[in-house]
Amino acid sequence: MLYTSTRDKTVHVTSAEAITHGISADGGLFVPESIPQLTADDLQRLAKLDYKGRAKEILSLYLTDFSKEEIDRCVEGAYADGKFSSPAVAPMVKLADGSHILELWRGPTCAFKDMALQLLPHLLTVSAEKAAGGRQIVILVATSGDTGKAALEGFRDVPNTQIMVFYPSEGVSPMQKLQMATQEGSNVAVCAIEGNFDDAQTGVKKIFTDPLVAEKLAQKNKMFSSANSINWGRLVPQVVYYVSAYCDLLAKGEIQNGDPIHVVVPTGNFGNILAAYYAREMGVPIDRLICASNRNKVLTDFIETGVYDRRRDFYCTSSPSMDILISSNLERLLFLLSGMDDAQTRTWMQNLSADGVYDVGEAMRNKIQAVFNGGYCDEDATKELIGSVYRSEGYLCDTHTAVAVQVYRDFRASTGDETPAVIASTASPYKFSRTVLAAVAPEVQAADEFAMVDALYEKTGFPCPKQLLELKNKQVRFTDICTRDTMEEAVLRAML
Ligand SMILES: *Cc1c(COP(=O)(O)O)cnc(C)c1O
């Protein structure tokens, strides 16, 4: 299996090269040249395995230049017993309306990013041995809140790696900020930036592709790689949990083999839902992919009109990890749906960066609508949903998950479609205690973040991850703030 670039089909690299480099030199994203297939028998067989067993099988279909031993070692390291607070790794909870909440936040940093970022350092270390000639890997991350912490935790003290994270100073929740500012490890750095996530992401991309910076790193026998979801090594672990969710429904007798399901994903950078699309293309009987946005509904509008238009106001919402106007991974979908048309994909992406808008036309819009539904949920509805699910089911959703549940309810109300649905739940509610507490107990006053956590626990009894409770006693190590113009200096200072 080789990988090509969404902007240049003459590129052919191994998975180790794709993972080591993160992004193609032409600015495109790496995608596998073909999509491996799973039959109904395969799914039946996988249903008998545990999460790690399923992960090994799926990964081996995509990472064909890894040996079986290497894949085993990566998976065993990533999902080792005790790292996730559920033996199932990604357990499912059934709600009264029959939908299945897929809890992807049982890892060390309490957001779904752990599902991939516990594995990526292992994949990258093996890849770099094959493809980086012994150079040290420097990871740069732009985060809307959760990726940064998950990447720091994944890469901390991993030999031969360094990591630096940029987050928007006003764009993350207090808990997210504290998680990053207190990060431990000898190879980590964290810096806030004045601006929003798109500023951070654009800045990182610029440093990443600057030949002068690359030269300076090379002199120290170092090279950049990326832990953002543009890296294929982030996406392939996410494909696993959609296959695994289908297998779990089979194993529990919730569905018969071959029955369709829908998948609902609260979406920002389009990575998580793209992984579901890959699972669908592999042959998992996923019918509709429902893309849920918050008030930054650039994707809802795109799915409806075929016009991607980022020239709009940016809102800071209570679901900050979805406050994104440039969904990088959409590029991969466009490349696939256009029949791997690299020239066309390049043009759309050039239009986006030059004019802030592109129009994929009617034929493409129809192809998108044949698979995807889009919907969005505003701030009031998010809060109301959290309250109503808690009151009726005793279940506590975080703000991102709430957006997805509400969009799913809207979909079901407007279509009458009762196909079983898997809803991706992407964070622990305790990462967003202010909004969640206000939703379930508006009468409670709490002075600070930890008082809110305590109040939420007292009110609901819903378990609070110990990693979040422990933050209270951790020392703040990182307080730097930079601007888009001083990011490069900050990187060179910390990483050289
Ligand atoms: C990152 C994140 C999302 C968005 O996922 P994408 O892959 O960027 O679409 C949603 N919810 C939470 C909690 C996240 O951390």
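Where helix 3 (residues 51-62) contacts helix 11 (residues 232-251), the two axes come as close as 9 Å, and the packing angle between them is 130 degrees. One way to sum up the angle between helix 3 and helix 11 is to call them oblique. Between helix 3 and helix 11 lies a crossing of right-handed hand. Each of Y51, R54, A55, I58, L59 and Y62 in helix 3 lies in contact with helix 11, whose residues at this interface are W232, V236, P237, V239, V240, Y241, V243, S244, C247 and D248. In terms of residue class, the contact of helix 3 with helix 11 is built from 13 nonpolar, 1 polar and 2 charged.

Our focus in this paragraph is the sheet that holds strand 2 (residues 8-13). A sheet is described by the order of its strands in space; here 3 strands give the open sequence 2-1-3, paired in antiparallel fashion. At either margin of the open sheet sits one strand with a lone partner, and together these are strand 2 and strand 3 (30-32). For this sheet, the mean angle separating the axes of adjacent strands, direction not counted, is 35 degrees. Two elements, strand 1 (residues 3-5) and strand 2, share 2 bridges in a ladder whose sense is antiparallel. Bridged to Y3 within strand 2 is V13.

Take the side chain of N231 next. Within the secondary structure layout, N231 lies in the loop between strand 9 (222-226) and helix 11. For N231, the side chain forms a polar contact with the main-chain nitrogen of G233, separated by 2.8 Å.

The next point concerns the packing of aromatic side chains. Applying the stated criterion across every chain, the model contains 15 aromatic pairs. Taken together, a centroid distance of 5.7 Å and an interplanar angle of 65 degrees make the contact between F302 and Y308 edge-to-face. A residue is classified by how much of its surface remains accessible, and Y308, at 1% relative accessible area, is buried. Ring geometry for Y395 and F462: centres 5.6 Å apart, planes at 90 degrees, overall edge-to-face. Here Y395, found in the loop between helix 17 (379-393) and helix 18 (399-415), pairs with F462, found in the loop between helix 20 (449-460) and helix 21 (466-470); they are 67 residues apart in sequence, far enough to count as distant. For Y395, a relative accessible area of 7% translates into the label buried. Ring pairing ties together the aromatic residues Y3, Y62, W232 and Y278, which thus form one cluster. Taking the ring centre of Y315 as reference, the NZ or CZ of R295 above it sits at 3.4 Å. Above the ring of Y376, the side-chain terminus of K297 is found at 5.1 Å from the ring centroid.

Each value, and the rule that gives it
- Residues numbered from 1 in each chain as written.
- Predicted model: local features only at pLDDT ≥ 70, side-chain atom pairs only at ≥ 80, totals over all residues.
- Heavy atoms only, no water.
- Axes fitted to C-alpha atoms, helices over the stretch in contact; angles between N-to-C directions.
- Helix = DSSP H or I, 4+ residues; strand = E, 2+ residues; numbered from the N terminus.
- Parallel < 35°, antiparallel > 145°, perpendicular 65-115°, else oblique.
- Left-handed = near helix turned anticlockwise from the far one by under 90°.
- Contact = heavy atoms within 4.5 Å.
- Nonpolar A, V, L, I, M, F, W, Y, C, P; charged D, E, K, R; others polar.
- Pairing = 2+ DSSP bridges.
- Polar contact = N/O pair within 3.5 Å; in protein donor to acceptor, adjacent residues only side chain to side chain.
- Phe/Tyr/Trp six-rings, centres within 6.5 Å; stacked < 30°, edge-to-face > 60°.
- Buried < 20%, exposed > 50% of the residue type's maximum accessible area, 1.4 Å probe, protein only.
- Lys NZ or Arg CZ within 6 Å of the ring centre and 35° of its normal.

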